[in-house]
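Examining the three-dimensional arrangement
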Amino acid sequence: MSQVALLSSAEIIDQFDRYVISNYRRYPVCLVRGEGSLVWDAEGRRYVDFFPGWGCNLIGHCPPLVVEAVAEQVKTLIHVPNTWYMEAQGRFAEALSERSFGGKAFFCNSGAEANEAAIKLARAYGYPEGRTKIVTMHHGFHGRTYGALSATAQPKYHVGFEPMVPGFEYIPFGDLEAASSAIDLTTAGVLIEPIQGEGGINIPPDGYLEGLRKLCDESGALLMFDEVQCGMGRTGKWFAYQHFGVEPDIMTVAKALASGVAAGVMMARSDVAEILKPGMHASTYGGNPIACRAGLATIETIENDGLLEQAKVLEEKFHEFFTGIRDQRPDLIQGIRVRGVMVGVDLACDASPIVAECMKQKLLINATQGHIIRLLPALNLSDELFEEGCSILKSVLLNHVMDRPQS
Ligand SMILES: *Cc1c(COP(=O)(O)O)cnc(C)c1O
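This structure is a prediction, so every number in the text was calculated from the model and none was measured. (Residues numbered from 1 in each chain as written. Predicted model: local features only at pLDDT ≥ 70, side-chain atom pairs only at ≥ 80, totals over all residues. Heavy atoms only, no water.)

With that out of the way, let us pick up the overall build of the protein chain. Helix and strand counts for the protein chain stand at 13 helices and 15 strands. By its C-alpha atoms, the protein chain is 60 × 55 × 45 Å across when sized along the principal axes. Buried residues in the protein chain amount to 54% of all 407 residues. Sequence separation of 24 or more characterises 72% of the internal contacts of the protein chain that already satisfy a separation of 6 or more. When the accessible surface of the protein chain is split by element, carbon and sulfur atoms take 54% of a total near 18,500 Å². Of the side-chain charges in the protein chain, 35 are positive and 49 negative, and the distance between the mean point of each set is 3 Å. (Helix = DSSP H or I, 4+ residues; strand = E, 2+ residues; numbered from the N terminus. Buried < 20%, exposed > 50% of the residue type's maximum accessible area, 1.4 Å probe, protein only. Contact = heavy atoms within 4.5 Å. Areas by Shrake-Rupley, 256 points an atom, 1.4 Å probe, with all protein chains shown as cover. Lys, Arg positive; Asp, Glu negative; His and termini not counted. Charge placed at Lys NZ, Arg CZ, Asp CG, Glu CD.)

See below:
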């Protein structure tokens, strides 16, 4: 029964046109069911999903342990506010702390909210010393609420919504000299994605994050990693920063945190976290038992199934696949960046026709920054579906005629 919608895709689209604000560009398809790396639409058509849940479904659609935990929790207790203790929240905080840098957790419901918490905490921590500046990176993405948006150094997202929140300074990603001029005694914190997601899967140059750590230590600023997209095992370690031998003072995670159940978290070093006293920050739904049970089941699945190791296997397979395509189409493919199941491929043209053609052939992928193909596949993508998706991608890329070459 759950396989089919009550309405056709066309009827649902018509209803959206009348009642849902059109702030999203949507494909003209209504998805009704998912399992692992497959989804089905209202007409029963099956798609291979190399971008499940926009990065949220890191262990595929409807992972069994998560489904079970959520179903059980829903029958027991749906919601209790943070004026009470609840077991799942404490257990989830412990699990995240043990797998990161030993800090404490504040739970919320999204990436933007987690970054709002981080920005507020950094300012509260620096307040006695008059530190208000937050330094962030070009091509970064931190969310759409005003604080997170002001932290997002991409002018296209600011247009029409100015003025931004004051106190943010933007510098180029990967440029230590620029960081050294920007980070000073007025700096409360530096917020950066260890691997930029929306910016195009940008991997920092060697020594860069270590350099930032050093600059922060010297100036007394907090180093804050936005792991909303790259965290939770996507890169083959629990958190992407663990590849680079540095630890942050604050970290934010959302998207895959609870396998697609809305959840976000800010982790902070204990002595920094202490600054937050009752009344200073809150979230009604933050850390609710459903999200926390889903998060615990996500961690359990990743560990039971050896999925961190699987990230490395898929990294190699995707790298090899795209390298093979580049050998045949060096005119089309200009760069390949893969870390675990984060894949960015620079094209010499607009990527949207490629995304559209893949969708026509029943493969779901994404494009970012106009000309970059982005894949955020599931850690448990099977060999069969890897082959099926890649053969579609291969024929689409090899046959693509560029009509709008970019320089
Ligand atoms: C998606 C994303 C956000 C925003 O998360 P929302 O849940 O949409 O608010 C923040 N930071 C990064 C790195 C992201 O990829």
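What follows covers the pairing of strand E12 (residues 342-347). Burial of E12 is extensive: six of the six residues sit out of reach of the surface. Linking strand E11 (residues 333-339) to E12, which pair antiparallel, is a turn of two residues; within it Gly340 sits at a positive phi near 55 degrees. (Pairing = 2+ DSSP bridges.)

To describe two helices that pack against each other, one gives the angle between their axes and the distance between the axes. Relative to each other, helix H2 (residues 64-76) and helix H10 (residues 289-304) sit at 155 degrees, their axes nearing to 8 Å. Between H2 and H10, the interaxial angle falls into the category roughly antiparallel. Two packed elements cross with a definite hand, and for H2 against H10 that hand is right-handed. Residues Leu65, Val66, Ala69, Val70, Glu72, Gln73 and Val74 of H2 pack against Pro289, Ile290, Arg293, Ala294, Ala297, Thr298, Glu300, Thr301 and Asn304 of H10. Here the contact of H2 with H10 is composed, by residue class, of nine nonpolar, four polar and three charged. (Axes fitted to C-alpha atoms, helices over the stretch in contact; angles between N-to-C directions. Parallel < 35°, antiparallel > 145°, perpendicular 65-115°, else oblique. Left-handed = near helix turned anticlockwise from the far one by under 90°. Nonpolar A, V, L, I, M, F, W, Y, C, P; charged D, E, K, R; others polar.)

Let us look at the pattern of salt bridges. Under the counting rule described, the total for this entry stands at 20 salt bridges. A salt bridge links Arg45 to Glu43, with the shortest nitrogen-to-oxygen separation between them at 3.4 Å. Residue Arg45 is classed as partly exposed on the basis of its relative accessible area, which comes to 37%. Exposure remark for Glu43: the relative accessible area of 38% places this residue in the partly exposed category. The closest approach of N and O atoms between Asp217 and Arg213, which form a salt bridge, is 2.8 Å. Remark: Arg213 and Asp217 occur in helix H8 (residues 208-219); sequence separation between them is four residues, near one turn of the helix. For Asp217, a relative accessible area of 52% translates into the label exposed. (Salt bridge = Lys/Arg side-chain N within 4 Å of Asp/Glu carboxyl O.)

So, about the sheet that holds E12. The four strands lie next to each other as E11-E12-E15-E14, forming an open sheet whose pairing is antiparallel. The two strands at the open ends of the sheet, each matched to only one other strand, are E11 and strand E14 (366-368). Each strand axis lies, on average, 25 degrees off the axis of its neighbour in the sheet, ignoring direction. Where E11 meets E12, six bridges bridge the pair, whose relative direction is antiparallel.

So far we have only geometry, and geometry alone does not tell us how the molecule works.
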